[in-house]
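Descriptive analysis of the structure
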Amino acid sequence: KNFQPVTLVSVIFGAEQSRHSVSNYSLILLFVTVCVGTNRQLSKPSDRNHHYEDLRSRYTNCTEVDGNLEITWLEEKQIDLSFLHHIREVTGYVLIFHADVEKIPLPNLLVIRGRTLFELNNRNDSFALLVVQSKINNLEMPELRGKNAL
């Protein structure tokens, strides 16, 4: 399947207003590229090469994941996951499972909304972010803040 992200452009006009005039107009363009997430959970892919290509085509230039971001079953230490670096928001959960990689680059990830949570059946626990059974040297999420962060 070929997943094409949808790009939305928001235009925000701003102006400073003094008592006598309006001046200093500014224009801000916000580009949001929305892509559809997955709901495979812990399922093992039948073809790992196809699985990687699906991840790459799905998330290249994506800034907002509508659904879940599941980074699973990757066992090549030097695999290129740089296509993830544009992601700023995930509306569902982020699952990293069975990932034996050097680096998972999510440097712009600001928020995981958790509208859908990952549920562990054996413990009745739910997670917006779950990293399990993985060997990762660098999980890069410097912009992500906790629930109560200001």
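An account of the accompanying structure is given in this report. (Residues numbered from 1 in each chain as written. Predicted model: local features only at pLDDT ≥ 70, side-chain atom pairs only at ≥ 80, totals over all residues. Heavy atoms only, no water.)

So, the overall build of the chain
Scanning the chain from N- to C-terminus turns up 1 helix and 11 strands. Traced from its N-terminal end to its C-terminal end, the chain shows the element sequence β-β-α-β-β-β-β-β-β-β-β-β. Residue pairs at least 24 apart in sequence account for 60% of intrachain contacts in the chain once pairs closer than 6 positions are excluded. Carbon and sulfur atoms make up 48% of the accessible area of the chain, which amounts to about 9,700 Å² in all. (Helix = DSSP H or I, 4+ residues; strand = E, 2+ residues; numbered from the N terminus. Contact = heavy atoms within 4.5 Å. Areas by Shrake-Rupley, 256 points an atom, 1.4 Å probe, with all protein chains shown as cover.)

Description of helix α1 (residues 48-59)
Its 12 residues place the ends of α1 17 Å apart at the C-alpha level, agreeing with the 16 Å of an ideal helix rising 1.5 Å per residue. A side-chain oxygen of the first residue of α1 lies 3.0 Å from the backbone nitrogen of Asn49; this N-cap is Asp47. (Expected span 1.5 Å × (residues − 1). Polar contact = N/O pair within 3.5 Å; in protein donor to acceptor, adjacent residues only side chain to side chain.)

What to know about the pattern of salt bridges
For the structure shown, the criterion picks out 7 salt bridges. Between Arg48 and Glu75 there is a salt bridge; the shortest N-O distance is 2.2 Å. Note that Arg48 is positioned in helix α1 and Glu75 in the loop between β4 (69-74) and β5 (89-90), a separation of 27 residues in sequence. The class of Glu75 is partly exposed, set by a relative accessible area of 43%. Each of the salt bridges in this network shares a partner with another, and the network as a whole consists of Arg40, Asp54 and Arg58. (Salt bridge = Lys/Arg side-chain N within 4 Å of Asp/Glu carboxyl O. Buried < 20%, exposed > 50% of the residue type's maximum accessible area, 1.4 Å probe, protein only.)

A word on the packing of aromatic side chains
Counted by the stated rule, this structure contains 3 aromatic pairs. Between Tyr52 and Phe83, the ring centres sit 5.9 Å apart and the planes meet at 65°, which makes this aromatic pair edge-to-face. Taken as a pair, Tyr52 in helix α1 and Phe83 in the loop between β4 and β5 lie far apart in primary sequence, 31 residues in all. Across this residue pair, the class does not change: Tyr52 and Phe83 are buried. (Phe/Tyr/Trp six-rings, centres within 6.5 Å; stacked < 30°, edge-to-face > 60°.)

With respect to the state of the cysteines
Counted according to the given criterion, the structure contains 1 disulfide. Put simply, Cys35 and Cys62 are joined by a disulfide, and their sulfur atoms are 2.0 Å apart. Linking Cys35 and Cys62, the disulfide has an S-S dihedral of approximately -70° and is accordingly described as left-handed. Linking Cys35 in strand β2 (residues 22-36) with Cys62 in the loop between α1 and β3 (64-66), this pair joins segments that are 27 residues apart in sequence. The burial state of Cys35 is the same as that of Cys62; both residues are buried. (Disulfide = S-S within 2.5 Å.)

Overview of a nonpolar patch on the surface
On the surface, Leu129, Val131 and Leu139 cluster together into a nonpolar patch covering about 200 Å² of accessible area. For Leu139, a relative accessible area of 33% corresponds to the partly exposed category. (Patch = residues over 30% accessible without salt bridge, like charges linked within 9 Å, V, L, I, M, F, W, Y side chains within 5 Å.)

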